[in-house]
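Each chain is listed here by its residues.
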Amino acid sequence: MQIWVDGDACPVEIKELLYRAAVRVKVPLTLVANTKIRIPKSEFLSLLTVPSGLNVADKQIVELVQSGDLVVTADIPLAAHVIQKGGIAIDPRGDLFTTENIGERITMRNLMDELRGSDLVTGGPAPYGPKDKQAFANQLDRLLAKRRVD
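I will try to describe carefully the structure that is included in this document. (Residues numbered from 1 in each chain as written. Predicted model: local features only at pLDDT ≥ 70, side-chain atom pairs only at ≥ 80, totals over all residues. Heavy atoms only, no water.)

## Description of the pattern of salt bridges
1) Next: In this structure the tally under the stated criterion is two salt bridges.
2) Next: D141 is the salt-bridge partner of R24, the closest N and O atoms lying 3.7 Å from each other. With R24 in helix α1 (residues 12–25) and D141 in helix α5 (residues 130–149), this residue pair connects regions lying 117 residues apart in the sequence.
3) Next: For R24, a relative accessible area of 52% corresponds to the exposed category. (Salt bridge = Lys/Arg side-chain N within 4 Å of Asp/Glu carboxyl O. Helix = DSSP H or I, 4+ residues; strand = E, 2+ residues; numbered from the N terminus. Buried < 20%, exposed > 50% of the residue type's maximum accessible area, 1.4 Å probe, protein only.)

Okay, here's the thing in structure tokens:
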């Protein structure tokens, strides 16, 4: 298993949690971002800097991800591509994207984009908080534990 992190939009506290987990269980983690991000020194942690541009980091992750890899992203279309390639995708709030729920998630995302574009809905998701971080940590622990059993 390789962990890929869509680094530009991932909350700092989730990145830090991921760094510690990757080192603890000795799983390689690559942060993919279009800006330089400081990461701790470890043989298990790396940064892949991509050029700026729409979905450049996402495309790079899709190109590199392999079956069984874990991708951390809030980007639903990226999660769909990861699932198609046999990967596992979770968002920073701990939600697991699956073959069973990704179609519904894409439909809801598109509907909300349309409603926001028509000014029928304003704003975005609720602010990121401690419950979100805990939900993510719990989901990550489950996925890493499952990896050790498989």
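## Let's talk about the side chain of D58
1) Next: Checked against the element boundaries, D58 lands in helix α2 (residues 56–64).
2) Next: For D58, a relative accessible area of 11% corresponds to the buried category.

## Side note on the nonpolar core
1) Next: The biggest cluster of nonpolar side chains holds 25 residues, and the ones touching the most others in it are I3, V5, L18, Y19, L29, F136 and L140.
2) Next: The set of elements that each furnish at least two residues to this core consists of β1 (3–6), α1, β2 (29–33), β4 (70–72) and α5.
3) Next: When residues of this core are assigned to their parent elements, the largest contribution, seven residues, is made by α1.
4) Next: Setting aside residues up to four positions removed in sequence, L29 forms contacts with Q2, I3, V5, L18, Y19, A22, F44, L45 and S46.
5) Next: Among the nonpolar cores identified, the runner-up in size contains 16 residues, and V32, A57, A79 and F97 belong to it. (Core = buried A, V, L, I, M, F, W, Y, C linked by side-chain atoms within 4.5 Å. Contact = heavy atoms within 4.5 Å.)

## Considering the sheet that holds β1
1) Next: Overall, mixed pairing links the six strands, which are arranged β3-β2-β1-β4-β5-β6 in an open sheet. At either margin of the open sheet sits one strand with a lone partner, and together these are β3 (45–49) and β6 (96–97).
2) Next: With three bridges connecting them, β1 and β4 associate as parallel partners. In the strand pairing of β4, W4 is matched with V71.
3) Next: Against the sheet, α2 touches β1, β2, β3 and β4, its axis set at about 165 degrees to β1. (Pairing = 2+ DSSP bridges. Axes fitted to C-alpha atoms, helices over the stretch in contact; angles between N-to-C directions.)

## Some details on the environment of V25
1) Next: Within the secondary structure, V25 is located in helix α1.
2) Next: For V25, a relative accessible area of 15% puts it in the buried group.
3) Next: Each C-alpha atom of the pair V25 and I39 lies 17 Å from the other, and the pair is 14 residues apart in sequence.

## Regarding helix α3 (residues 76–84)
1) Next: Considered for burial, the residues of α3 that qualify are I76, L78, A79, A80, V82 and I83.
2) Next: With a side-chain oxygen positioned 2.8 Å from the backbone nitrogen of L78, the residue opening α3 is D75.
3) Next: Directly beyond the C-terminal end of α3, a positive phi value near 90 degrees is found at G86. (Polar contact = N/O pair within 3.5 Å; in protein donor to acceptor, adjacent residues only side chain to side chain.)

## Some points on the environment of I83
1) Next: Along the chain, I83 turns up in helix α3.
2) Next: A sequence separation of 19 residues divides I83 from I102, and the C-alpha atoms of the two residues are 8.5 Å apart.
3) Next: Apart from the residues lying within four places of it in its own chain, the contact partners of I83 are F97, T98, T99 and I102.

## Here we look at α2
1) Next: Of all the positions in α2, only A57, D58 and I61 are classed as buried. Projection of α2 onto a plane perpendicular to its axis shows the buried side chains occupying an angular sector of 100 degrees, all on one side. The exposed set on the far side of α2, more than 90 degrees from its buried face, consists of K59 and E63.
2) Next: On its buried face, α2 is in contact with β1, β2, β4 and α3. (Arc of directions from axis to C-beta.)

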